[in-house]
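Observations on the model geometry
Here is how the chains run, residue by residue.
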Amino acid sequence: MLELAVVYLAAAIIAVPVAKRLGLGSVLGYLLAGILIGPFLLGLVGDQTDVMHFAEFGVVMMLFLVGLELQPSRLWKLRHSILGLGGLQVTLTTLFIFVICKEVLALQWQTSMAIGLMLALSSTAIVLQSLSEKGWTKQEAGQNAFSVLLFQDIAVIPILALLPLLAFSDTMATVSDHGNLIAHYPVYLQVAVSIAVIAAIILAGKYVSAPLFRYIAETRLREVFTLFALFLVIAIAVIMQKIGLSPALGTFLAGVVLAESDFRHELEVDIEPFKGLLLGLFFIAVGASIDFPLLFEQFSTVVLLVVGLIAIKALVLYLLAVFFKMEGRQKLLFTLALAQGGEFAFVLLSLTSSLHILDPEQTKLTTLVVAISMLMAPLLLMIYDKMLSNTNNTQAEFDKPENIEATSSVIIAGYGRFGQIIGRLLSAQGYHLSILDHSPSQIEMVKRFVTTVHYGDAARKDLLDASGAEEAKLLVIAIDDADKILEIAVMAKKHYPNLAIVARAIDRGHAYELMKLGVTSFKRETFDSALNLGVEALTLLGNSQETSERAGKLFAEHDEESMQLLIDLWGDDHTYGIAVKQRMEVLKQVLTNDLKEQDKINTCHEGDCDEDTKTNKVNL
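Definitions and cut-offs
Residues numbered from 1 in each chain as written. Predicted model: local features only at pLDDT ≥ 70, side-chain atom pairs only at ≥ 80, totals over all residues. Heavy atoms only, no water. Helix = DSSP H or I, 4+ residues; strand = E, 2+ residues; numbered from the N terminus. Buried < 20%, exposed > 50% of the residue type's maximum accessible area, 1.4 Å probe, protein only. Pairing = 2+ DSSP bridges. Axes fitted to C-alpha atoms, helices over the stretch in contact; angles between N-to-C directions. Parallel < 35°, antiparallel > 145°, perpendicular 65-115°, else oblique. Contact = heavy atoms within 4.5 Å. Nonpolar A, V, L, I, M, F, W, Y, C, P; charged D, E, K, R; others polar. 1 Å grid on protein atoms, 1.4 Å probe; cavity = no way out; pocket = protein on both sides within 12 Å on 5 of 7 lines; lining within 4 Å. Points joined across faces, edges and corners; volume = space filled by probe spheres on them. Polar contact = N/O pair within 3.5 Å; in protein donor to acceptor, adjacent residues only side chain to side chain. Salt bridge = Lys/Arg side-chain N within 4 Å of Asp/Glu carboxyl O. Expected span 1.5 Å × (residues − 1). Arc of directions from axis to C-beta. Core = buried A, V, L, I, M, F, W, Y, C linked by side-chain atoms within 4.5 Å.

This part covers unusual backbone geometry. Trans peptide bonds make up the majority, and among non-glycine residues the majority have a negative phi. Of note in the backbone geometry, K325 takes a positive phi value of approximately 60 degrees without being a glycine. Following the sequence through the fold, K325 ends up in the loop between α15 (299-323) and α16 (328-338). With relative accessibility at 72%, the residue K325 sits in the exposed group. For H356, which is not a glycine, the phi torsion comes out positive at approximately 60 degrees.

As structure tokens, this is what we get:
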């Protein structure tokens, strides 16, 4: 084992830095390292089946970390793309491949269906790792790709249940349950146990984890916290496996629940190195498992099948991207990111082989096609990065901290159309500004007006430190990325408790998230302009200027009050919808009563007015 460890580590140390320097990315570097040491080239390692099973735990850890980045409210927002986009991708890809296998390749329908189900899945490990490296996970294509991958991971569970029904003979008794403790229970009881376990994980994460984390943290032993973090992930994975569910799904749910924990960042730091090592081992195992003798023996067939698989998946993905109205290049990024086979295909292939749905030759050929398509995945993204993406390797590096001008007054993060208005106002009042912006083109434009703007990401603590965050009085977050605004706010709240924060809120939901972080000074970017235009509309409809402005003022006060009252209901669409309707009725009543009161005041005479009306008139 030590000798094998030396081989794997040496291959990674040599291949990955070279691949990174050549602009190929770490994923392709690991794959090439696996090809190099595999049994079909240097022959330093043998069969990769056991290694693959062990390394797949890296995918489990990765989904746990992905879950930590997703608060439940944000996951709820993705529900339509998860079910709609993900469900259509799996269904349509399976049908396309099924028809081609059955009608063109003349395979039996059971075999065709099994191959369609397996090849509909994409590589969670490669896609998320590659998108993360390139910084594309927050883009529209990255979010949608994640939604599809999450649905695919969930879909593996019913696919595993469906495959035995496709067996040509009664082989179900010979299939291992992989330690499933509830496999012999009736279906309804299995479902009940599964739901109960998932509910227990969610409740434990919400109510039990915090005291446990505090208890572990009080030991002030970093290694104990790391041990507990590993124990948490492994224990959940084992529990899910014992009830026949996906370990990756279980750890993902646990991550989502813990996303609001005060110890989220510590968990990320402790798990990240293990995730990286295991994923690297997984990619090496994929590269080493490529059957080169079979590839050379059936070269034209394999190439045709790989190209066909990528083309079919790309066609389905692009059509879905158009249907779901993704923007410009995001359609292409989404298509290229998911147009490959996935690691779960290897799991399903072992089951179809034991069920005799695929014969040994078909199993080997399918394994080879999946492995090569996974090898092609980072290459496709590299082509996109080089030829089409604005985010390429020629992009300038952030300014170094020592070159950033510090301030003791105001730091502005983001100097676009929103930030410039604030900056010009504060600068005109004599305040010294330190400005950070992450857009090179925006900085070039601003330089024409002789304003010093530094190129940097305000979510980086070293750059905020260099800007003077320790001494500054105010941080203005004026960028146009909702997630980045929250990221900066969280970091500033944690490291600079004395720094006041005012923030740009993209919409109402974003404003609620800022409020939950304790950022109470914010402005929704369209609210004031829309309200002013509404006041103008009332005036054009025949109302007096005074009446229109008073209605606008009451509306703004009511809206601010509603946000404070409804913040705890945000995320529950049904309850929130009912509450909003109730508040709308209250608003109508407030405006109606105010109009009546103004009419009384405007029409009465001193001698005819009652005391209440006189008082209201004086106050008005």
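Right, let's talk about the sheet that holds strand β3 (residues 454-455) for a bit. Taken together, six strands build an open sheet; the order of strands is β3-β2-β1-β4-β5-β6 and the sheet is parallel. Looking at the sheet topology across the chains shown, the edges are occupied by β3 and β6 (521-524). Bridge count between strand β4 (residues 474-477) and strand β5 (residues 500-505): four bridges; the pairing is parallel. Looking across to β5, one finds that L475 is bridged to I501.

With that settled, consider the packing of helix α22 (residues 482-495) against helix α23 (residues 508-516). Remark: α22 packs on α23, axes separated minimally by 10 Å, with the N-to-C direction vectors making an angle of 10 degrees. Taken together, the axis directions place α22 and α23 in an arrangement best described as roughly parallel. Contact residues: A482, I485, L486 and A489 in α22; H510, E513 and L514 in α23. Residues of the contact of α22 with α23, tallied by class, amount to five nonpolar, one polar and one charged.

This paragraph deals with the side chain of T363. Locating T363 in the fold gives a position in helix α18 (residues 360-387). Of the residues examined, T363 reaches a relative accessible area of 14% and is grouped as buried. With residues near it in sequence (within four places) discarded, T363 still touches L349, S353 and L358.

Here we take up empty space enclosed by the protein. This model, assessed by the stated rule, comprises two cavities of 30 Å³ or more. If you go around the second largest cavity, the residues you meet are A413, G414, L436, D437, H438, G456, D457, A458, I479, K484 and I488. Mapped onto the lining of the second largest cavity, the elements with two or more residues apiece are β2 (433-437) and α22. Here the residues of the lining of the second largest cavity sort into five nonpolar, three polar and three charged.

Along the polypeptide, D559 turns up in helix α25 (residues 545-566). Residue class for D559 comes out buried when judged on its relative accessible area of 11%. Once the C-alpha coordinates of D559 and L587 are considered, the two residues, 28 residues apart in sequence, prove to be 8.8 Å apart. Ignoring sequence-local partners within four residues, the contact set of D559 consists of R508, R524 and F527. Within the local environment of D559, its side chain forms a polar contact with the side chain of R524, the two groups lying 2.3 Å apart.

Below, the discussion takes up the pattern of salt bridges. Evaluated as defined, the whole model comprises 10 salt bridges. In this structure, R508 and D559 form a salt bridge, with 2.9 Å as the shortest nitrogen-oxygen distance. Placement of the pair is R508 in helix α23 and D559 in helix α25, with a sequence separation of 51 residues. Residue R508 is classed as partly exposed on the basis of its relative accessible area of 23%. Several salt bridges converge on common partners, so that one network encompasses D457, K484 and E487.

On to helix α1 (residues 2-21), then. Here α1 contains 20 residues, and its C-alpha end-to-end distance of 29 Å stays within 8% of the 28 Å for a straight helix at 1.5 Å per residue. Taken together, the buried positions of α1 are V7, Y8, A11, A12, A15, V16 and A19. Within α1, the buried residues cover an arc of 125 degrees as seen down the axis, which keeps them to one side. Every exposed residue of α1 that faces more than 90 degrees away from the buried side is listed here: L2, E3, V6, L9, I13, I14 and R21.

The next point concerns the nonpolar core. Side chains of nonpolar character tend, in soluble globular proteins, to be buried together. Of all hydrophobic cores here, the largest spans 135 residues; its most connected members are F64, F283 and F334. Take this core: its biggest share by element is 12 residues, from α18. If you look at the next biggest cluster of nonpolar residues, it comprises 36 residues, including A469, Y496, L499 and V519.

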